[in-house]
Amino acid sequence: MEVSQEAAERQQINEQEEEQYQLFLNTHGPALRSSRVPPVYWKSLYYKLVNEVFDAGQFFGIMQVEEAEEEEEDDSGDVEETQQEERKKRNPGTEPICKVIVTNEDGLQAADPNSIFLIDHAWTYRVQSARQQLQEIPGLLHRMANLIGIEFHGEFPDEDVVDQVMVEMWKYNQTYQLSQGTAEEKVPVWYIMDEFGSRIQHSNEPTCCTAPFFYSTEEVAYTILWPLRDLENGEEVTRDYTYGETNPLIRKCRLLPWFPADMRDISSNTPEPSDAYYQTISQENKEQLPIPIETQVYPKDKIFKVFTEMKQVLNNLNHPRFEFTWNEEEADILFMFTHIREYRKLSKERPHVLVNQFPCETMVTVKDCLASVARRLGGVEGAKWLPHTFNLQTELPQFVGYYRQRQERGEDNHWICKPWNLARTLDTHITNDLTYIIRQRESTPKVVCKYIENSVLFHREEVGMVKFDIRYIVLLRSVKPLQLYAYNVFWLRFANRPFSLDHFDDYQKHFTVMNYAEGVQLKQVHYDEFIPLFEKQYPDYPWKDVQEKVFKSFAELFQVASSRPAPFGICDYPSSRAVYAVDLMLKWDTDNEGQRFMQPQILEVNFGPDCARACKYHPSFYEDVFSTLFLDETDNCPVTRIA
């Protein structure tokens, strides 16, 4: 029987649609599996995305309810009073609580392939632009204030209302991160679901599940909603705000933004992590540790062949004892920006080849490891040269306990959240808001460090008293024995606005890295100009004495970081050398006699630092580096042995 033309066309269309669906799965399948979206919904989701079908209104409705006052007996009345205060903070406006319920007469069946729904996003932003968007995008502040429950009827942006929204939004924020693009493009995106999605309440036994979904074809993000079981007409739609978290204490901590609890009795003690912690990191890094090798001895007149991918080295290394090669196999020195992983193979086949990296150097270059190894110095607060630091992934309860204890004592409680392994202040947040900090755990892995509220400031004539930080280049030649040098030239970075403990989203007030920001002033002061200016401003604190403390802190850091064998410390590999940039600030502290002194505070240690300024103002920089590291010749180099 001959197939009709109409049927043939229909079959062709079906085949094309199936082909497009398979392309959709190839692109989005990993995200769907990661979010644990049941496959029964995938085809319907594809259809709704392609045709922009927003049919949640046919199945759900928003119901307003009055929040019942929960009476709890307590002899002191403190607990009840605290909870009432927290409730007021959670609901600063006059609007009643809203819930989402099923309104479809037939309810909702989990087995129905169509039981998946798109939720639009009312606001999508990155944190550094949030205030500006609230101030400038027409209608946004009104909508956010209304959604959050803040009374606002003005025609123009009100700074008090903006501040309120900036605080309360952390109870509504959700996040996702792009997997591709530049470092800036991979910074987490935060969003607030529309009025429907934002009304879905929490339950420890949720009826539904939600997940962010980035539809790359249209480059638009939605939240998708699906039921976890059959729902009858009138049943409430709920989700678990800590979906997938099984640890009861961590769940309690993560739910604090919505369900306050007294956490002061939680121990804030944070000993060094177990060996399993470091072993896991080593496995994740896929670093193959080297076999033991003998220290290589080279002729005094040997000319080393250098293989490097770094333009700054290629353009600035002119020492007669080094020549470049494009053949990696014949190189005596591998000076790489990409991380070397195959140390075992290298140590077996080419033990004489020198490299500019140490196995397990993540002990100092990754912020959570840096905080962990610093605890080897002991004491409740750990090393004096490192701000008190907690790992938000593994030490959230301890941080919450410490925060509450400081709050009770009336101590400053400003903190800075930093990604484990990003530089240039990307995805970095300063706040004294516990809710804000807790929610950061849902984006990239982060540490939270005590913000330096009493930093030593520098007077800029045209600005006033500003924050500044200092970058030293340190050269690690060996860990057994420890041979550590500091380059005598250091670099300074300044904030552009006077320091004060407010407006923490003002980048030019609280941060100093201006060379990557567009349209901002980059203040340059060379080290030899800075020292007399500093000593004029602080005549009782000679720079020589300050720098001595700085170098001592560097020495202590590398001593503890190499005090244990790999993977629990920096590996003793005789063919390794390394260049690191250590960023630090100075803070005011007091000794046992009440005398003020300047305490160095190490902020981070960077592998493969940008040395453009070093090369520009000190053309012999890389010749000094190579002479120190590979020739062990320091007499004519501006370096100081510090360990």
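Just so you know, these numbers come straight off a predicted model, no measurement behind them.

Trainee: In this structure, what is going on with the pattern of salt bridges? I would like to understand it.
Mentor: For side chains bearing opposite charge, pairing can occur when the charged atoms are close. Throughout the structure, instances matching the rule amount to 35 salt bridges. D163 is the salt-bridge partner of R131, the closest N and O atoms lying 2.9 Å from each other. Linking R131 in helix α4 (residues 130-136) with D163 in helix α6 (residues 159-168), this pair joins segments that are 32 residues apart in sequence. Note on R131: relative accessible area 15%, which makes it buried. Note that K171 is salt-bridged to E168, the shortest N-O span being 3.1 Å. With relative accessibility at 8%, the residue E168 sits in the buried group.

Trainee: Even after reading the chapter, I still don't get the environment of L255, so can you show me in this structure?
Mentor: With respect to the helices, strands and loops of the structure, L255 is situated in the loop between α7 (248-254) and α8 (275-285). With a relative accessible area of 9%, L255 lands in the buried category. Not counting the four nearest positions on each side in its chain, L255 is found in contact with H202, N204, Y241 and T242.

Trainee: I would appreciate a short explanation of the sheet that holds strand β15 (residues 389-391) in the present structure.
Mentor: Sheet strands line up and pair through hydrogen bonds in the backbone, either parallel or antiparallel. One open sheet holds the 4 strands; their spatial order is β15-β18-β16-β17, and the pairing between them is antiparallel. A single partner strand is all that each edge strand has here, and the edge strands are β15 and β17 (429-431). Geometrically, the sheet is characterised by an average inter-axis angle of 20° between neighbouring strands, direction not taken into account. The sheet contact formed by strand β16 (residues 415-419) and strand β18 (residues 446-450) spans 5 bridges and is antiparallel. Pairing of I416 across the sheet is with C449, part of β18.

Trainee: Could you clarify how one ought to interpret the nonpolar core in this entry?
Mentor: Here is a general trend for soluble globular proteins: nonpolar side chains tend to be buried in one another's company. Formed by 66 residues in total, the largest nonpolar core has its most connected members in F468, F530, F534, F554, F558 and L586. Once residues lying within four places of it in the same chain are set aside, the contact partners of F530 are F458, F468, F490, L492, F494, V525 and W543. Counting residues in hydrophobic clusters, the runner-up holds 29 residues, among them Y487, A581, V625 and F630.

Trainee: Would you mind showing me how to read empty space enclosed by the protein here?
Mentor: If a probe the size of a water molecule is rolled over the atoms, the empty space left behind becomes visible. The full count for this structure, using the stated rule, is 2 cavities of 30 Å³ or more. What the largest cavity holds in volume is close to 90 Å³. In this structure, the largest cavity is lined by M310, F335, N356, A578, V579, F607, G608, P609, C611 and Y622. Here the residues of the lining of the largest cavity are counted per class, giving 8 nonpolar, 2 polar and no charged. Of the voids in this model, the second largest cavity is the one considered here, and its volume is about 70 Å³. Lining the second largest cavity we find K367, L370, A371, L386, P387, T389, K418, V447, C449, I602 and L603. Those elements that provide at least two residues to the lining of the second largest cavity are α12 (367-374), β18 and β24 (596-607). The biggest single contributor to the lining of the second largest cavity is α12, with 3 residues. For the lining of the second largest cavity, the class distribution of residues is 8 nonpolar, 1 polar and 2 charged.

Trainee: Where do I start with a negative patch on the surface in this structure?
Mentor: The grouping of E309, E328, E329 and E349 at the surface amounts to a negative patch. Position of E328 among the secondary structure elements: in the loop between β12 (322-324) and β13 (333-335).

Trainee: Mind showing me how you'd approach the environment of A486 here?
Mentor: Mapped onto the elements of the fold, A486 is located in strand β22 (residues 482-494). For A486, a relative accessible area of 0% gives the class buried. With near-sequence residues (within four places) excluded, A486 lies in contact with I473, V474, F551, P638, V639, T640 and I642.

Trainee: Would you mind showing me how to read the sheet that holds strand β1 (residues 60-65) here?
Mentor: Judged by pairing direction, the sheet is mixed, and its 4 strands sit side by side in the order β1-β2-β10-β7 without closing on themselves. The sheet terminates laterally at β1 and β7 (201-202), the two strands that pair on one side only. Examined bridge by bridge, β7 and strand β10 (residues 236-239) share 2 bridges and lie parallel to one another. In the sheet register, H202 faces β10, and the bridge partner there is R239.

Trainee: Explain the environment of P38 here, please?
Mentor: Within the secondary structure layout, P38 lies in the loop between α1 (5-34) and α2 (42-51). Each C-alpha atom of the pair P38 and E309 lies 46 Å from the other, and the pair is 271 residues apart in sequence.

Trainee: Explanation requested: unusual backbone geometry in the structure shown.
Mentor: Residues K480 and P481 are joined by a peptide bond in cis, for which omega reads 0°. As for its placement among the helices and strands, P481 is situated in the loop between β21 (468-479) and β22. At the junction of A566 and P567, the peptide bond is cis and its omega measures out at 5° in the coordinates. Inspection of the secondary structure assignment puts P567 in the loop between α17 (543-561) and β23 (578-590). One non-glycine residue, H503, adopts positive backbone phi at about 45°. Structurally, H503 can be placed in the loop between β22 and α15 (507-510). Exposure remark for H503: the relative accessible area of 43% places this residue in the partly exposed category.

Trainee: How should I be thinking about α2 in this particular structure?
Mentor: Given 3.6 residues per turn, any residue in an α-helix points the same way as the ones three and four places further on. Looking at α2, one finds that the buried residues are W42, S44, L45, Y46, K48 and L49. A positive phi of about 50° marks E52, the residue just after α2.

Trainee: What am I meant to see in the confidence of the model for the protein chain here?
Mentor: Close inspection of predicted coordinates is inappropriate for parts of the model with low pLDDT. In this model, the protein chain carries a mean pLDDT of 92, and residues with pLDDT of at least 70 account for 93%. Counting interchain partners and residues more than four positions distant, the pLDDT-below-50 stretch residues 69-83 has 5 contacts. Segment residues 86-94: pLDDT under 50, and 21 contacts once partners within four positions in sequence are set aside and those in other chains are kept.

Trainee: In this structure, what is going on with the packing of aromatic side chains? I would like to understand it.
Mentor: Given two aromatic rings, their pairing is described by the distance between the two centres and the angle made by the two planes. Here the structure, examined in full by the defined rule, presents 59 aromatic pairs. Between F399 and Y403, the ring centres sit 6.0 Å apart and the planes meet at 55°, which makes this aromatic pair tilted. Taken together, the residues F399 and Y403, both in helix α13 (residues 396-409) and 4 residues apart, mark about one turn of the helix. You can call F399 buried: its relative accessible area is 0%. The aromatic ring of F304 is capped on one face by K302, whose charged end is 5.5 Å from the ring centroid. The residue whose ring lies beneath R596 is W588, and the NZ or CZ to ring-centre distance is 3.7 Å.

Scoring rules and cut-offs
Residues numbered from 1 in each chain as written. Predicted model: local features only at pLDDT ≥ 70, side-chain atom pairs only at ≥ 80, totals over all residues. Heavy atoms only, no water. Salt bridge = Lys/Arg side-chain N within 4 Å of Asp/Glu carboxyl O. Helix = DSSP H or I, 4+ residues; strand = E, 2+ residues; numbered from the N terminus. Buried < 20%, exposed > 50% of the residue type's maximum accessible area, 1.4 Å probe, protein only. Contact = heavy atoms within 4.5 Å. Pairing = 2+ DSSP bridges. Axes fitted to C-alpha atoms, helices over the stretch in contact; angles between N-to-C directions. Core = buried A, V, L, I, M, F, W, Y, C linked by side-chain atoms within 4.5 Å. 1 Å grid on protein atoms, 1.4 Å probe; cavity = no way out; pocket = protein on both sides within 12 Å on 5 of 7 lines; lining within 4 Å. Points joined across faces, edges and corners; volume = space filled by probe spheres on them. Nonpolar A, V, L, I, M, F, W, Y, C, P; charged D, E, K, R; others polar. Patch = residues over 30% accessible without salt bridge, like charges linked within 9 Å, V, L, I, M, F, W, Y side chains within 5 Å. Areas by Shrake-Rupley, 256 points an atom, 1.4 Å probe, with all protein chains shown as cover. Lys, Arg positive; Asp, Glu negative; His and termini not counted. Charge placed at Lys NZ, Arg CZ, Asp CG, Glu CD. pLDDT = per-residue confidence, 0-100. Phe/Tyr/Trp six-rings, centres within 6.5 Å; stacked < 30°, edge-to-face > 60°. Lys NZ or Arg CZ within 6 Å of the ring centre and 35° of its normal.

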